[in-house]
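# Observations on chain architecture
Residues per chain are reported as follows:
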Amino acid sequence: MTRPADLFEASRGRLEAIAYRLLGSAGDAEDAVQDTYLRWHAADKDLIETPEAWLTKVLTNLCLNQLTSARARRETYVGQWLPEPVLAGDRMLGPAETVEQRESVSLAMLTLMERLSPNERVVYVLREAFGYQHREIAELLDLTESNCQQIYRRAKQHVGGRSRASVDSATAQRIVEEFLAAVLSGDTDPLIRLLADDAVSVADGGGRVPARKSPVVGALAIARYLSHVFRRTPAKLTYVGGEPVFYADVVNGEPAVLAVVDDRIITVLSVVATPDGVAAVHLQVNPEKLERLNRQWALAGPHRPLAVAW
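Residues numbered from 1 in each chain as written. Predicted model: local features only at pLDDT ≥ 70, side-chain atom pairs only at ≥ 80, totals over all residues. Heavy atoms only, no water.

### Examining the domain arrangement of the protein chain
What counts, and what does not: The start and end points of each domain follow an automatic or database-based domain assignment. Between two residues, a contact is recorded if the distance between any of their heavy atoms is within 4.5 Å. Defined in terms of a 1.4 Å probe, buried area is the accessible area two parts forfeit on being brought together, summed over both.
Considered domain by domain, the protein chain is made up of domain 1 (4-159) and domain 2 (169-300). With 24 residues of domain 1 at the interface, the matching set in domain 2 holds 28 residues. Of the roughly 2,100 Å² buried between domain 1 and domain 2 on both sides combined, carbon and sulfur atoms contribute 57%. Three residues, Gln80, Leu82 and Leu87, lead the burial of domain 1 against domain 2; their summed loss comes to 34% of the area buried on that side.

Dropping the structure here:
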């Protein structure tokens, strides 16, 4: 007979993946899963017919509560909010067999899902990323099946639909090495050539690290902005604590540059590459949102730095 603790551990990865997509925060997702475990530990198992459904229902209710309070926190968040980045291979990313599953965990989609109501986000995530039937979702949320279908349609309209090719580590390295070289060159022209005309750049410092508080739009504006941000000066070296070393990796399915000082990732620059050029640049510098990524990156070592110096 399977022990209750083992049964929960067998579900932990799936629960983390659901919670991360719902909350956009690996730290909050871990907390929600741990709270689910505490409720599971205290529950009368004889009254639970289907443990997987029970655990999912408890988790989604916890996440619904967090999403409601998170909306209030977002209103006072300093600057732009971006999701917490997660390295390729982290179980928090969950299933990635289909385009919909990969897209649902991209930084761009996690940001778009902030537009959704809590119920819309739960329905969208469970349907798109985990293949739940509307009947199953309706039971989890205590809704009618038709209501669940209406919520799903509204969610699809709000976030739109787009597809992108998955990126392996070799392709990611090529993309980010070329992009980083252009950024560090001090010349905006090569960077402009890599960017789509209507590209958007967003930086998240969370009030803890200096970061632009509004998006930068357009290839020329982004080229100037990034050239300034990455311009090497003694003051910047002192501020970041030393000479950064750059690495290529895949973050949330997208090519990314990791800037590392003293074995700590201090910046994640990820790009959304399209046939028309880089359509989006996400800069995550909020140290609170780099904690799990730092742990996972350390476990995945050793790493080979890019042949690009600041």
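The structure having been displayed, the exposition proceeds.
### Topic: the nonpolar core
Here is the rule: Here, nonpolar core refers to any group of buried Ala, Val, Leu, Ile, Met, Phe, Trp, Tyr and Cys residues whose side-chain atoms link them within 4.5 Å. Residue burial is assigned from relative accessible area. The probe radius is 1.4 Å, only protein chains are included, and a residue is buried under 20% of its type maximum, exposed over 50%, and partly exposed in between. Helical segments are the DSSP runs of H or I of at least four residues, strand segments are the runs of E of at least two, and each set is numbered from the N terminus.
Core analysis: the largest hydrophobic core is formed by 46 residues, its most contacted members being Tyr20, Leu59, Met113 and Tyr124. Of all the elements in the fold, those that place two or more residues in this core are helix 1 (4-23), helix 2 (26-42), helix 3 (51-75), helix 5 (107-112), helix 6 (118-128), helix 7 (134-141) and helix 8 (145-159). If you tally residues by element for this core, the top one is helix 1, at eight residues. Here Met113 is in contact with Arg21, Ser104, Arg121, Tyr124, Val125 and Val159, once residues within four sequence places are set aside.

### A short note on the packing of helix 1 against helix 2
Stated formally: Simply put, an axis is a line fit to the C-alpha atoms, just over the touching stretch for a helix, and the angle between two N-to-C directions goes from 0 to 180 degrees. By definition, any crossing whose near helix is turned counterclockwise from its far helix by less than a right angle is left-handed, and any crossing with a clockwise turn is right-handed. Residues are grouped as follows: nonpolar covers Ala, Val, Leu, Ile, Met, Phe, Trp, Tyr, Cys and Pro; charged covers Asp, Glu, Lys and Arg; every other residue, Gly included, is treated as polar.
Close contact between helix 1 and helix 2 brings their axes to 8 Å; oriented N to C, the two are set at 145 degrees. Of the two elements, helix 1 crosses helix 2, and the hand of that crossing is right-handed. Touching Pro4, Leu7, Phe8, Arg12, Leu15, Glu16, Ala19, Tyr20 and Leu23 of helix 1 are Ala26, Asp28, Ala29, Ala32, Val33, Gln34, Thr36, Tyr37 and Trp40, all from helix 2. Taken together, the residues of the contact of helix 1 with helix 2 sort by class into 13 nonpolar, two polar and three charged.

### Quick notes on the sheet that holds strand 5 (residues 264-274)
What counts is decided by this rule: Two strands qualify as a pair provided DSSP detects at least 2 bridges between them.
Ordered by their spatial adjacency, six strands build an open sheet running 2-1-6-5-4-3, and the pairing between neighbours is mixed. In this open sheet, the two edge strands, each paired with only one partner strand, are strand 2 (216-217) and strand 3 (245-251). Note that strand 3 and strand 4 (residues 254-261) share seven bridges and pair antiparallel. Across the sheet, the residue bridging to Val251 is Glu254, located in strand 4.

### A few points about empty space enclosed by the protein
The following threshold applies: The rule is simple: put a 1 Å grid over the protein atoms alone, call a set of points where a 1.4 Å probe fits but cannot get out a cavity, call an open set with protein on both sides within 12 Å along at least five of seven lines a pocket, and count a residue as lining if it has an atom within 4 Å of a point. Grid points are joined across faces, edges and corners, and a volume is the space filled by probe spheres set on the points.
By the definition in use, this model includes one cavity of 30 Å³ or more. Approximately 40 Å³ is the volume attributed to the largest cavity. Around the largest cavity, the lining residues are Leu82, Pro83, Pro85, Leu107, Val268, Ser270, His282 and Gln284. Within the residue set of the lining of the largest cavity, elements represented by two or more residues are strand 5 and strand 6 (277-284). For the lining of the largest cavity, the residue count by class is five nonpolar, three polar and no charged.

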